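# Summary of the model geometry
Each chain is listed here by its residues.
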Amino acid sequence: DVEEGGGTRFTDLPSGQITTEARRGKAIFWPSVLADAPYTVDPRTHHEALPVTRGEKYGANIWIHQFDFRTPYAKGCTMN
């Protein structure tokens, strides 16, 4: 476990901000879009990583895509 800091804070929840603490062997998972509108970002999922103030933290991100993104990206079609 991280000695101090290193949590993930969700900033835009209707009930107010919450922070999940970093714990060894634990993970959090959330969709970033609405279930009934998969093209609409769910603003409740806005979050930020908090700095580790004592100890070390190792993390990994896994992005799961709903659609084929590789073909358009390979042809130069990007959102930017």
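Preceding this paragraph is the structure being described.
Now for a quick tour of the structure. Computed from a predicted model, the values in this text were never measured in an experiment. (Residues numbered from 1 in each chain as written. Predicted model: local features only at pLDDT ≥ 70, side-chain atom pairs only at ≥ 80, totals over all residues. Heavy atoms only, no water.)

## Quick notes on the sheet that holds strand E3 (residues 18–20)
Strand order in this open sheet of three strands is E3-E2-E6, and the pairing throughout is antiparallel. Each having just a single partner strand, E3 and strand E6 (47–49) make up the two edges of the open sheet. Along the sheet, successive strands turn relative to each other by an average axial angle of 20 degrees, direction set aside. Where strand E2 (residues 8–10) lies against E3, three bridges are found, and the strand directions are antiparallel. When the sheet's bridge partners are listed, Thr8 is paired in E3 with Thr20. (Pairing = 2+ DSSP bridges. Helix = DSSP H or I, 4+ residues; strand = E, 2+ residues; numbered from the N terminus. Axes fitted to C-alpha atoms, helices over the stretch in contact; angles between N-to-C directions.)

## Some points on a nonpolar patch on the surface
Residues Phe29, Ile62 and Ile64 make up a contiguous nonpolar surface patch of roughly 440 Å² in combined accessible area. Tracing the sequence through the fold places Phe29 in the loop between E3 and strand E4 (33–34). Exposure remark for Phe29: the relative accessible area of 70% places this residue in the exposed category. (Patch = residues over 30% accessible without salt bridge, like charges linked within 9 Å, V, L, I, M, F, W, Y side chains within 5 Å. Areas by Shrake-Rupley, 256 points an atom, 1.4 Å probe, with all protein chains shown as cover. Salt bridge = Lys/Arg side-chain N within 4 Å of Asp/Glu carboxyl O. Buried < 20%, exposed > 50% of the residue type's maximum accessible area, 1.4 Å probe, protein only.)

## A few points about the environment of Pro31
Relative to the helices and strands, Pro31 resides in the loop between E3 and E4. Among the residues examined, Pro31 registers a relative accessible area of 53% and is labelled exposed. As a C-alpha pair, Pro31 and Gly59 span 28 residues in sequence and 18 Å in three-dimensional space.

## A look at the pattern of salt bridges
This model, assessed by the stated rule, comprises four salt bridges. A salt bridge links Arg54 to Glu4; the shortest N-O distance between them is 3.9 Å. Of this pair, Arg54 sits in strand E7 (residues 52–54) while Glu4 sits in strand E1 (residues 4–5); the two residues are 50 residues apart in sequence, bridging distant segments of the chain. Each member of the salt-bridge network shares a partner with another, and the members are Glu3, Glu4 and Arg54.

Interpretation in functional terms is not warranted from these geometric data alone.
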